[in-house]
Structure formats: C-alpha cells, structure tokens
Amino acid sequence: MYPESLNIEHAEAAEYARGLRADFPILATEVRGKPLVFFDSAASSQKVQVALDAERKLLTESYANIHRGVYALSEQATAAYEDARFTIAEYLDAARSEEVVFTRGTTESINLVANSFGGAYLNPGDAVLVSELEHHANIVPWQMLAEELGLEILRIPVTESGEWDLSTLDELLDQQVAMISVSHVSNSLGTINPVETVIAAAKSRDIPVLLDGAQAIPHFKPDVQSLDCDFYVFSGHKLFGPTGIGVLYGKYARLEAMPPYQGGGDMIDKVSFDGTTFAKPPARFEAGTPHISGAVGLAAAVRYVSVLDAQLLHEHEQGMMRYLEAGLREIEGLRIYGEAADKVSVTSFVLDEVHPHDMATFLDSDGICIRAGHHCCQPLMSHYGIAGTARASLAFYNTFEEVDAFLAAIHKIKKFFG
C-alpha cells in the first residue's frame, strides 16, 4: 500500500488520501488499456464529483441569468452565484465578499489588474517587479503595459536551486518600483516563494503587491489578510473545480479606486448618451453574463477541500514527492531542476539524450500523464540553459503505487534509449 520506508504518520496520511480517490470519477478510467496515472495536476487538476454535481444541479434545476430577473429561477441562480462569492471570500479570509471578483481564470485576473489598476496608477518611468520564476501570464500583461506606458520590467533573480535570490531586493525596490507581481508557488519547479518577505519590504515603501496563487491554491489555503497582499488571483481548474472560472481578490479600497476593465451589462450604474456611471465592485469588473455554473462548481470544490485534513494531505503529497525524487536521483544521467528547501509536489527533470516530449509520449503508452516543454516559463528555461523539462506534478489523489509505476516507466525509457 505504501513504501516500508515511510513512518507510521506518512502511512496514515497515505491511507487517508487513498480514501478520497473515489471522489474523483476520472481516476477509475484507463488510458491505452492501462490504469490512468495522472501526474499533470499543475496544468489542470481533475474534477471532484461534488463540483460536477453542483454545476449539473444548477443547470438542470434552477438555471437563469442572474441579477436582472424578478422570477424564481433567476432569483435562485442569483442567490447561488452570490453564495459562491461568499464561500470563496470566507475561504481566502477576505474582509468582505465584495473583495472577490469572478473572472475566467488567473490570466484574465492578472490582465484585469494590469490594465485597470496599472493603467490608472502607473506612470512613465515606473518599474514593475516580477521574478525569473514567473509563468508567462505574469510577464506578458506587464510587458504589454510597459510598452504602452513606458515602464521598466525588473526581475528577482533565481538561484540554481530554483529559489529567489533576495540579496538585492532593496536595491531593486529603490529603482522606482511602483508595482510587484509575483507567484506564490512556481508552476515549473514547485518552489514556495517567500512572498511574506517581499510583501513586508513592499509595504514599507507603499508598493502594491499582486500574488499569483494559481499553483498555491491546490496545496494550501491562503489567508489574504495575513499575507496583506493587495491582490490574489487563482483559477478554479487548479482547485479541482471547473475550467473558465477564476478569482481576483482585491482589497476593497483598491478595487473601488480602479476603473472598469470591460464595458457592458451588469457593470453599470446608469447609462445615457451623455455618459455612463459604473457600479461598485465587484459588479464593476464583471461585465456581461458570467460563468454562473462555474462559480457554483468552484464554490462546491472550495467547500470540499475546506473540510479535509490539510495536514494529512500535506504529509501525503510531501511523502510522495520525496519518494519520487529519491527514485529519480538513482537514475544515471537524470537531473532534477528545482531543489528548493520548501516546495510543493512538483518535480521537473531532464534525462540525457531523451527529449522531454519523447519521454511524455513513451509514458503515455503506459497510461501515465505528465507535462513536457517549457511550462509557459521560457525565461526560466533560458536561465538554466535548456529548452524545457519533463514535469511530474502530484495531487493528494495520487498514490505511491502510481509513483512506482512512473519510476518503472522512466527506467524502461532509459533502457530503450540506451
């Protein structure tokens, strides 16, 4: 059931997590005649049944457009949508539910902040600080804004172990930095970044901070008030919920001072040909008909994870990652990228003479799903002087038996390629 090398606490965690696998129906399927081994949760997690059920229930029993209708179905759908907002605000420990804006995902959330907040409050000559670990979604929107406004993009360097080098943080912040936008957890290496240190330094200079929480949210619960970040963003599909739904948390004072991102229905107060006034947040940033069922499904996923034993799941994920990485280190010619002391269950690696895409294709023949490529982190790959890696990203629904199957398949690949 689990390796003999594990202590009793890890064994308990493994058994607890195993009991949750039935909540994810896809895990019982086969791929190419083999049991599915899904090691690509960093790209998109599998969906928990309660989230699927919540969406289906809304769509089949009480669907209507929200906020405008005065009939029963619309009122029910509106209540479900706003209850979803409240659920997520409570999970994030936001000060009020109006601090939660629904978007299509992390990417749209960052673009919203860059265009609305950045467009209104950043000035020519200002700098935006990111890091070399960032996903393209937290680089490109700021580059586009920089071209438009004449901004500079600065970056926190990364060490060989895949951790931020904060030795020059004060010098960086003194270079007219007016915005910081960094990831809570690296999607390619799994590094848990010391965001508290950066936020504290930023606050002493009154610099707003956005945290990209897309890779943090499936592994631990963020507390936005304790973090004291100005914005926190994530995607529902990373948290065992639907695709096409995401969250932008923003301190209400920040949101209230921001202009709209898009124009249309439901974000207005009053419209005339003489001019338009806009609704208060969060409606100001939710133009048009939103992904109603997606918000409801995401809230169901949030309620699901909020009652799980987070400590046992953390122990299970960490145990699997250490077991997997120990097995990989025994393979001659294999190198792991990202050896941070503090990381989630994401492992990136390369094997001599084997292209990551070839590795992923061979693994697929054994029913094993991993991601291969640059993981939308081309600047980081350039830092390491490589084109890409193979990445195995685990969630609590994975097992040690799956890790064994994965390691056996890697050995087969090495033998095949000589």
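Peer 1: I would appreciate a short explanation of the environment of Arg-303 in the present structure.
Peer 2: On the secondary structure map, Arg-303 appears in helix H10 (residues 292-306). Here Arg-303 is in contact with Asp-83 and Thr-87, once residues within four sequence places are set aside.

Peer 1: Would you explain unusual backbone geometry in this entry?
Peer 2: Generally, phi is negative for residues other than glycine and the peptide bonds are trans, each holding for most cases. The linkage connecting Pro-281 with the following residue, Pro-282, adopts the cis geometry, with an omega of 5°. Among the secondary structure elements, Pro-282 is positioned in the loop between strand E12 (275-278) and H10. The residue His-375 is not glycine, and still its phi comes out positive at about 55°. Mapped onto the secondary structure, His-375 falls in the loop between strand E16 (371-373) and helix H13 (378-384).

Peer 1: Got a minute to help me understand the pairing of strand E17 (residues 389-393) in this structure?
Peer 2: In regular strands, side chains alternate between the two faces of the sheet. Most of E17 sits inside the fold, with 5 of its 5 residues counted as buried. Where burial is concerned, the two faces of E17 agree: the one with Thr-389, Arg-391 and Ser-393 and the one with Ala-390 and Ala-392 are both buried. Bridging between strand E14 (residues 346-351) and E17 involves 4 bridges; their strand directions are antiparallel. Note that in E17 the partner of Val-346 across the bridge is Ser-393.

Peer 1: Would you mind showing me how to read helix H3 (residues 72-92) here?
Peer 2: Since the α-helix packs 3.6 residues into each turn, any two residues three or four apart lie on the same face. The end-to-end C-alpha separation of H3 is 30 Å, in line with the 30 Å expected for 21 residues at 1.5 Å each. Buried within H3 are the following residues: Ser-74, Ala-77, Thr-78, Tyr-81, Ala-84, Arg-85, Thr-87, Ile-88, Ala-89, Tyr-91 and Leu-92. Buried-residue contacts for H3 involve helix H2 (49-61), strand E4 (100-103), helix H8 (224-227), strand E9 (231-235), strand E10 (246-250) and H10. Once H3 finishes, Asp-93 follows within two positions and takes phi at roughly 60°, a positive value.

Peer 1: Looking at this structure, how should I read the sheet that holds E10?
Peer 2: Backbone-to-backbone hydrogen bonds join strands into a sheet, with any given pair of strands oriented parallel or antiparallel. Read across the open sheet, the 7 strands follow the order E4-E10-E9-E8-E7-E5-E6; overall the sheet is mixed. Because the sheet does not close on itself, it has two edges, and the strands there are E4 and strand E6 (152-156). Taking the axes of each pair of neighbouring strands and ignoring which way they run, one obtains an average angle of 20° across the sheet. Here strand E7 (residues 177-183) pairs with strand E8 (residues 209-212) via 4 bridges, running parallel. In the sheet register, Ser-181 faces E8, and the bridge partner there is Leu-210. Across the sheet, H3 is in contact with E4, E9 and E10; its angle to E4 comes to roughly 120°.

Peer 1: It is not clear to me how the packing of aromatic side chains should be interpreted in this structure. Could you clarify?
Peer 2: The geometry of an aromatic ring pair is captured by the separation of the ring centres together with the interplanar angle, meaning the angle of the planes. Per the stated rule, a full pass over the model turns up 17 aromatic pairs. Each ring, one from Tyr-81 and one from Phe-102, has its centre 5.1 Å from the other, and the planes form 50°; the classification is tilted. Taken as a pair, Tyr-81 in helix H3 and Phe-102 in strand E4 lie far apart in primary sequence, 21 residues in all. Its relative accessible area of 0% is what places Tyr-81 among the buried residues. For the pair Phe-117 and Tyr-121, a centre-to-centre distance of 5.1 Å together with 35° between the ring planes defines the contact as tilted. Remark: Tyr-121 and Phe-117 occur in helix H4 (residues 106-121); sequence separation between them is 4 residues, near one turn of the helix. On the accessibility criterion, Phe-117 (4% relative accessible area) is buried. Taken together through their ring pairs, the aromatic side chains of Phe-24, Phe-240, Tyr-304, Phe-396 and Tyr-397 make up a single cluster. The aromatic ring of Tyr-252 is capped on one face by Arg-96, whose charged end is 3.8 Å from the ring centroid.

Peer 1: Would you take a moment to explain the sheet that holds strand E13 (residues 334-337) for this structure?
Peer 2: The 4 strands are arranged E13-E14-E17-E16 in an open sheet whose pairing can be described as antiparallel. Edge positions in the sheet fall to E13 and E16, since each of these pairs with one other strand and no more. The sheet shows a mean angle of 30° between the axes of neighbouring strands, direction not considered. Pairing geometry for E16 and E17, over 3 bridges, is antiparallel. Within E17, the position partnered with Ala-372 by the bridge is Ala-390. In this fold helix H12 (residues 356-364) packs onto E14, E16 and E17, with an angle of close to 160° to the strand it touches most, E16. Against the sheet, helix H14 (residues 400-416) makes contact with E13, E14 and E17, and its axis sits at roughly 15° relative to E14, the strand it touches most.

Peer 1: Would you explain the environment of Pro-218 in this entry?
Peer 2: Locating Pro-218 in the fold gives a position in the loop between E8 and H8. We classify Pro-218 as buried; its relative accessible area is 15%. Here the alpha-carbon distance between Pro-218 and Phe-396, two residues 178 residues apart in the chain, equals 9.2 Å. Setting aside chain neighbours within four positions, we find Pro-218 in contact with Lys-238, Leu-239, Phe-240 and Glu-317.

Peer 1: Can you walk me through a nonpolar patch on the surface in this structure?
Peer 2: Together, Ile-268, Val-271 and Phe-278 give the surface a local cluster of nonpolar side chains, amounting to about 250 Å² of exposed area. With respect to the helices and strands, the residue Val-271 is situated in strand E11 (residues 268-272).

What counts and how
- Residues numbered from 1 in each chain as written.
- Predicted model: local features only at pLDDT ≥ 70, side-chain atom pairs only at ≥ 80, totals over all residues.
- Heavy atoms only, no water.
- Helix = DSSP H or I, 4+ residues; strand = E, 2+ residues; numbered from the N terminus.
- Contact = heavy atoms within 4.5 Å.
- Buried < 20%, exposed > 50% of the residue type's maximum accessible area, 1.4 Å probe, protein only.
- Pairing = 2+ DSSP bridges.
- Expected span 1.5 Å × (residues − 1).
- Axes fitted to C-alpha atoms, helices over the stretch in contact; angles between N-to-C directions.
- Phe/Tyr/Trp six-rings, centres within 6.5 Å; stacked < 30°, edge-to-face > 60°.
- Lys NZ or Arg CZ within 6 Å of the ring centre and 35° of its normal.
- Patch = residues over 30% accessible without salt bridge, like charges linked within 9 Å, V, L, I, M, F, W, Y side chains within 5 Å.
- Areas by Shrake-Rupley, 256 points an atom, 1.4 Å probe, with all protein chains shown as cover.
- Salt bridge = Lys/Arg side-chain N within 4 Å of Asp/Glu carboxyl O.

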